[in-house]
Amino acid sequence: MDSKGTLEHAERMLPQVPTTVPRPLSDRIIASITLMDLSAPMAVLVIALLTFFSWVAAYFLGGGTNVAPHWFYVPVFLAGVRFGPFGALLTAVISTFVAGPLLPADVATHTPQAMSDWVSRGIFFVVIGQFVTQLFRGARRMSVREIHLQAEVALGTTELQAREARFSALVENSSDLVTIVDRDGLILFQSPSVARVMGWDADGTEGTNFVDALHDFDQERWRTIVGLLMEESDHEMVAEWPVRHADGSWRFLQSVITNLVSEPSVGGLVLNSRDVSDQKALEDQLRHQAFHDQLTGLANRALFAENLDQALRRQSRTGTELAVLFIDLDEFKTVNDVHGHMLGDELLKQAAERLRATLRDADVIARIGGDEFAALFEGIALGHDASAAAERVIESFAQPFIIESSEVIVTASMGLALNETGTESAEDLIRNADLAMYAAKTANKGRYEVFSTDMHSTILDRMKMERDLRQALVQSEFEAYYQPIVTLPSETIVGAEALIRWNHPVRGLVMPDEFIGVAESSGIIVQIGAWILHHACKEFEVLTRGVAGGQSLGLSVNLSTRQLSDPLLLGTVRDALTRSGLDASRLTLELTESAIMEDVANTFRVLSELRSSGVKIAIDDFGTGYSSLSLLCEIPVDTIKIDRSFVTDVATRPEPGRLIRAIQSLAGDFGLCTVAEGVEDLDQLEAITGLGCEAVQGFYFARPQPASKLAELLERDASFSVSVT
Ligand code: C2E
Ligand code: MG
Ligand code: MG
């Protein structure tokens, strides 16, 4: 039965409370004696008749003339009662003048004759009449009060019965439990609903102990509550606790416990309990959702910070040491981009599992960002144990993840912050661990760094620059400068290299060496690289369109290592060419030797794809990467750009010349072009020309300059022969 049905059922069981009370018999008797129920004319007629008969009766029944006048009082008296003084007077007059003439003369002589008689008798009757009237009224009032009292008692009794019936109906049918226990928890009364709620046998509970159904720790709580309640009667307390169901499971009850020990009709503690298990489960679920990461089931940032906060408080009391490990997955974004979000999520789940398996149960592990995790180590020998834990994590991440039956290697960069000074806040520790992680990532991925205070400013600067770089992309603060590439020996411009510049709103023009490193370590280089590709292709195409022979000029754009592992690189390059209308054969992508060597297999594949789309490849800064020459020969490239360091001393020392010659011969063997970088003066140019380089680039001819300046340069010398300045 639902609760509504239960209540209706209970209502039907209640006796109906009467709304009107029947008039008692005593009231009716008084009313008839006092002629109260008669209308006034009828009452006068009755009184007159009564008077007449009383005179006659008095005369013939032997009272004689002496007695008869005394009967005269009866009707007058009655009239006084019924109508008050005037009624009595009127009756006296009527009875005298109506009855008087009908009576024998001797009787009539005894009726009042003189005016004074009338007055004195009148006054007498009025007084008597009034007195009796008041008497009757008083009696009547008393009787009415009594009647009301009785009615009230009757009503009260009925209501009481009704209330009792309602109470027991409610207790029996309510889903709440009413339990009366003594101070030790012994059940004195148990409402039948316990069978439905707790599965207990309702009749068998009396004499058993309620406290036995509680958890051990709640039994202690029970004693505390009872102790507090006993200090004051009528006092009540609320407790929420799990209580054991007959089937062995736990139901969550919310009990209002009232001390009615001194109430004779109860004589115990009354527990009014409600089953709040569903509510509790929902609350728990909501709380869990609010403090846990849905994907991995780990704690979230809020819960981690909360746990760390508590641990720090404990530490200030007990002196136990703690450390925070900040874990960031390397190249997670790439996995996400290449394999899609579903697999990215799968990787995060597996990473979380690995952390759980590697770290201790007592360590709090949380996912605090997209691919960021954190662990809290408490009660460890600082430094040593925390570092050992970080190393274990590195080891566990060395194994490839199996995602959809393919192996994916994802390393983790980590930062460890130890609570050495004891003054760090939760926020400080997380930030320090984050900074240390950042340092690890910048230095070399897949490792950990322990936070030290000197990291602070350097890393904060880098972080600020990262933010600024993102902002710069949005605010279009980047610009492409172009440095002409000149062919030898004709000294004709054959193309230009696009070199990025940052027009910083505060710092002014910022050179690439100052920000490319940060852009690479943070990954923003992928977006910046895409921007310069699109921008330079478009600008250069427009710029050379109006110049005679401009369509044969080539454009070089630098690529960073990070871009080589960007799965969208090929698409970006093709897109830039399509949108700008620049012919693929005019574009050369420059990669440093070290970038090529980082992941040879991948580079080989990417460069092959790029070349097959018609783009040329140049090895930049050649000679600085100590790479294996045989390996280099296998890489699909078109041009070698000889590093400036060889050119600087070429005119003054023999050694650089020898090396350039060797590079020249190697390039010749593989059919590659050579470009000498950094030619600053005529001596260097002559030396380089003598060594057989096909092209040069350097301040001697032109510095990198904005597009408009390059356009002027190209227009000034339509034949592309540049005058030496
Ligand atoms: P890089 O690709 O080797 O570019 C040549 C650098 O040498 C340029 O420096 C250029 O200004 C400088 N240079 C050219 N001729 C001379 C010379 O005669 N004397 C001296 N002292 N320097 C000369 P810049 O523009 O500062 O660029 C530095 C590096 O930054 C570039 O070296 C390149 O590796 C990187 N870079 C520049 N723009 C980009 C870009 O758009 N993307 C990427 N990934 N890297 C870029
Ligand atoms: Mg370059
Ligand atoms: Mg270079």
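Structure first, text after, so check above.
As a starting point, this report considers the structure included with it. (Residues numbered from 1 in each chain as written. Chains lettered and ligands numbered in written order. Predicted model: local features only at pLDDT ≥ 70, side-chain atom pairs only at ≥ 80, totals over all residues. Heavy atoms only, no water.)

Points about the sheet that holds strand β2 (residues 187-190)
Keep this limit in mind: The rule for pairing is simple: two strands pair if DSSP sees at least two bridges between them. Numbering goes from the N terminus for both helices and strands, where a helix is a DSSP run of H or I of at least four residues and a strand is a run of E of at least two. Inter-axis angles, ranging from 0 to 180 degrees, are taken between N-to-C directions of lines fitted to C-alpha atoms, where helices are fitted over the stretch in contact. Here, residues are in contact when the closest pair of their heavy atoms is within 4.5 Å.
With antiparallel pairing, 5 strands are arranged side by side in an open sheet as β2-β1-β5-β4-β3. On the outer flanks of this sheet lie β2 and β3 (236-244), each paired with one strand and no other. Shown here is a sheet whose adjacent strand axes are inclined to one another by a mean of 25°, direction ignored. When strand β1 (residues 177-181) meets β2, the two strands line up antiparallel, connected through 3 bridges. Bridge pairing in β2 links I180 to F189. Against the sheet, helix α9 (residues 216-230) makes contact with β1, β3, β4 (250-260) and β5 (268-275), and its axis sits at roughly 160° relative to β3, the strand it touches most.

Looking at the site of ligand 1
To be explicit about the condition: Residues are counted as near a molecule or strand when any one of their heavy atoms sits within 4 Å of it. Counted as a polar contact is a pair of N or O atoms within 3.5 Å, where, for protein atoms, one must be capable of donating a hydrogen and the other of accepting one, and residues adjacent in sequence contribute only when both atoms are in side chains. Each accessible area is a Shrake-Rupley result for a 1.4 Å probe, and residues are judged covered by the shown protein chains and nothing else. Any residue outside Ala, Val, Leu, Ile, Met, Phe, Trp, Tyr, Cys, Pro, Asp, Glu, Lys and Arg is labelled polar, Gly included; the first ten of those are nonpolar and the last four are charged.
Around ligand 1 sit 24 residues, and of these E497, N558, D620, E680 and F699 come closest. Within the side chain of R501, a nitrogen or oxygen atom sits 3.0 Å from an oxygen atom of ligand 1. F699 places a main-chain nitrogen or oxygen 2.8 Å from an oxygen atom of ligand 1. For ligand 1, whose free accessible area comes to 790 Å², the fraction covered by protein is 86%. Among the secondary structure elements, those contributing two or more residues to the shell around ligand 1 are β14 (492-504), α17 (512-522) and β18 (616-622). At 4 residues, the largest contribution of residues to the shell around ligand 1 is made by β14. In terms of residue class, the shell around ligand 1 is made up of 10 nonpolar, 5 polar and 9 charged.

Let's talk about helix α15 (residues 426-443)
Each α-helix winds once per 3.6 residues, and so residues spaced three or four apart point in a common direction. To keep it simple, the criterion reads: For a helix, the expected span equals 1.5 Å multiplied by the residue count minus one. Remark: exposure states derive from per-residue accessible area (1.4 Å probe, protein chains only) relative to the maximum for the residue type, with buried under 20%, exposed over 50%, and partly exposed in between.
Between its first and last C-alpha, α15 extends 26 Å over 18 residues, near the 26 Å set by a 1.5 Å rise per residue. By the criterion of burial, α15 is predominantly enclosed, with 13 of the 18 residues buried.

Some details on the packing of aromatic side chains
The condition that has to hold: What counts as a ring pair is set by centres within 6.5 Å for rings of Phe, Tyr and Trp (its six-membered ring), and what kind of pair is set by the plane angle: stacked under 30 degrees, edge-to-face over 60, tilted for all other angles. By the criterion adopted, a ring carries a charge over it if an Arg CZ or a Lys NZ lies within 6 Å of its centre and within 35 degrees of its normal.
In this structure the tally under the stated criterion is 10 aromatic pairs. With 5.9 Å between their ring centres and 35° between their planes, F478 and F515 make a pair best called tilted. Separated by 37 residues along the polypeptide, F478 in strand β13 (residues 478-487) and F515 in helix α17 bring together distant segments of the chain. Each member of the pair F478 and F515 is classed as buried. Each ring, one from W502 and one from F515, has its centre 5.5 Å from the other, and the planes form 80°; the classification is edge-to-face. Linking W502 in strand β14 with F515 in helix α17, this pair joins segments that are 13 residues apart in sequence. Like F515, W502 is buried. Among the aromatic side chains, those forming a connected cluster through ring pairs are F478, W502, F515 and W531. Sitting above the plane of the F699 ring, R703 keeps its charged end 3.9 Å from the centroid.

Here we look at the coordination of the magnesium ion (ligand 3)
For a metal bound by four donors in tetrahedral geometry, the ideal donor-metal-donor angle is 109.5 degrees, whereas six donors in octahedral geometry ideally sit at 90 or 180 degrees. Applicable threshold: Coordination shells were defined by N, O and S atoms within 2.8 Å of each metal, extended to 3.2 Å for Na, K and Ca; water is absent from the atom set, which can make sites look incomplete.
Ligation of the magnesium ion (ligand 3) by protein atoms is provided by D620 (OD), D621 (OD), E677 (OE) and E677 (OE), these donors lying 2.1 to 2.7 Å from the ion. Read in sequence order, the donor residues for the magnesium ion (ligand 3) give the motif D-D-x55-E. For D620, a relative accessible area of 6% corresponds to the buried category.

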